Amino acid sequence: MLAKVRALLAKAEDPAATPEEAETYFAKAAALMAKHGIERAMLADADPSLDRPGDRVIVVEGNYANDRIYLLGYIADALNCHGITKDKSRGRTEVHLFGYESDLDRVELLFTSLLLQMFNGVRQGRPAFGEKLITYRKSWIAGFILTIHKRLQEIEDRARHEAPAAASGRSAELVVADRKTVVLARFNAAYPDARSAGGQTKRRGTGYAAGQDAAKRADLGQTRVGQRRRALTG
């Protein structure tokens, strides 16, 4: 499944492909990736050893640190994971994520890919006359992150609705809902005093729409999953 995803994304990234062709390839790749996640969940409903709940720490560092953390948090939320930031020091933040192993893998894969795409895209944008560069870039990033979150939610919802019932007869909606309950319980047990953090919001600046457009074109899932606990820098 993942080999097919990479092949489709390679076609989408081919400079010879038209924008319409690239979007078609991307749409197929994103749908396959979501389908893969749902299939893992449904198989594990019959055999829990196939996909167990777990946790991992991702170290975030570099410029625009809060925006990096927001991107990771929104991806995790869309893919049925839950996390918390901790141990902030010297420009380095640890994000502790909880989720099922297959979903955590997908979160890392997408975060690595989308982080690169986000910064490559924002550097190409140009602020309006008289607008501060930081204002433009912050609004661009906000537009990108919020639109990515919406896209991922839509793709995941569609995959659940189209999935056949598990061997037990349970629907994908019920299976995923139960997995979310398990993940949240594990998170609450580890961090009983945790408070919900505020999310990314729309910012003033002309870059917001450009960030939205870039997110609509973004490739979801093109990067291989690397070491589970690693620093992501830029």
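Residues numbered from 1 in each chain as written. Predicted model: local features only at pLDDT ≥ 70, side-chain atom pairs only at ≥ 80, totals over all residues. Heavy atoms only, no water.

1. Re the confidence of the model for the chain
Quick note on the threshold: Values of pLDDT, which run from 0 to 100, indicate the predictor's confidence residue by residue. Here a residue-residue contact requires only that any non-hydrogen atoms of the pair lie within 4.5 Å.
For the chain, the average pLDDT comes to 80, and 78% of its residues sit at 70 or higher. A low-confidence stretch, residues 221-234 stays under pLDDT 50, and its non-local contacts, those more than four residues away or across chains, total 46 contacts.

2. Section: the pattern of salt bridges
For clarity, the cut-off: Each salt bridge in this description consists of a side-chain nitrogen of Lys or Arg and a carboxyl oxygen of Asp or Glu lying within 4 Å of one another. Runs of H or I in DSSP of at least four residues are treated as helices and runs of E of at least two as strands, each being numbered from the N terminus. Each residue is placed in one exposure class: buried if its accessible area under a 1.4 Å probe, protein chains only, is under 20% of its type's maximum, exposed if it is over 50%, and partly exposed if it falls in between.
Per the stated rule, a full pass over the model turns up 15 salt bridges. Arg40 is paired through a salt bridge with Asp51; the nearest N and O atoms lie 3.7 Å apart. Linking Arg40 in helix α2 (residues 19-46) with Asp51 in the loop between α2 and β1 (53-61), this pair joins segments that are 11 residues apart in sequence. For Arg40, a relative accessible area of 28% puts it in the partly exposed group. We note a salt bridge from Arg160 to Glu173, for which the minimum N-O separation is 3.5 Å.

3. Some points on unusual backbone geometry
You will see that Tyr64, though not glycine, has its phi angle at about 55 degrees, which is positive. Position of Tyr64 among the secondary structure elements: in the loop between β1 and α3 (65-78). Overall, the relative accessible area of 18% leaves Tyr64 in the buried class.

4. Points about the packing of α3 against helix α5 (residues 133-162)
The line we're drawing: Note on geometry: axes are lines fitted to C-alpha atoms, helical ones only across the stretch in contact, with angles between N-to-C directions running from 0 to 180 degrees. For classification purposes, an angle smaller than 35 degrees is called roughly parallel, one larger than 145 roughly antiparallel, one from 65 to 115 roughly perpendicular, and anything else oblique. Charged residues are taken to be Asp, Glu, Lys and Arg, nonpolar residues to be Ala, Val, Leu, Ile, Met, Phe, Trp, Tyr, Cys and Pro, and polar residues to be all remaining types, Gly included.
Here α3 crosses α5 at 10 degrees, and the two axes come no closer than 9 Å. In terms of their interaxial angle, α3 and α5 are classed as roughly parallel. Across the interface between the two elements, Asp67, Tyr70, Leu71, Tyr74, Ile75, Asp77 and Ala78 from α3 touch Lys138, Ile141, Ile145, Leu146, His149, Leu152, Gln153 and Glu156 from α5. Among the residues forming the contact of α3 with α5, the class breakdown is 9 nonpolar, 2 polar and 4 charged.

5. Some thoughts on the packing of aromatic side chains
Ring pairs (aromatic) are described by centroid distance and by the angle formed between their planes. The condition is simple: Pairing of aromatic rings covers Phe, Tyr and Trp, the last through its six-membered ring, and needs centres within 6.5 Å; plane angles under 30 degrees mean stacked, over 60 mean edge-to-face, and all others mean tilted.
On inspection of all chains with the given rule, the structure shows 5 aromatic pairs. Plain terms: the ring middles of Phe98 and Tyr191 are 6.1 Å apart, the flat faces sit at 90 degrees to each other, and that makes the pair edge-to-face. Taken together, the positions of Phe98 in strand β3 (residues 92-100) and Tyr191 in the loop between α6 (172-190) and α7 (207-217) put the pair 93 residues apart, joining distant regions of the chain. Taking the centre distance of 5.5 Å and the plane angle of 10 degrees together, the rings of Trp140 and Phe144 count as stacked. Of the two residues, Trp140 and Phe144 both sit in helix α5, 4 residues apart, roughly one turn of that helix. Phe144 carries the same exposure label as Trp140, and that label is buried. Among the aromatic residues, ring-to-ring pairing joins Phe98, Phe187 and Tyr191 into one connected group.

6. Section: the environment of Lys150
Looking at where Lys150 falls in the secondary structure, it is placed in helix α5. Spatially, the C-alpha atom of Lys150 lies 9.7 Å from that of Ile75, the residues being 75 residues apart in sequence.

7. A short note on the side chain of Arg68
We count it as follows: Under this rule, positive means Lys or Arg and negative means Asp or Glu; His and the chain ends count for nothing. Definition of a polar contact: a pair of N or O atoms within 3.5 Å, with one able to donate and the other able to accept a hydrogen when the atoms are protein atoms, and with sequence-neighbouring residues admitted only if both atoms are side-chain atoms.
Structurally, Arg68 is set in helix α3. Buried charged residue Arg68 carries no salt bridge. Nearest counter-charge: Asp67, at 8.1 Å. Only 2.7 Å separates the side chain of Arg68 from the backbone oxygen of Asn63, close enough to count as a polar contact.

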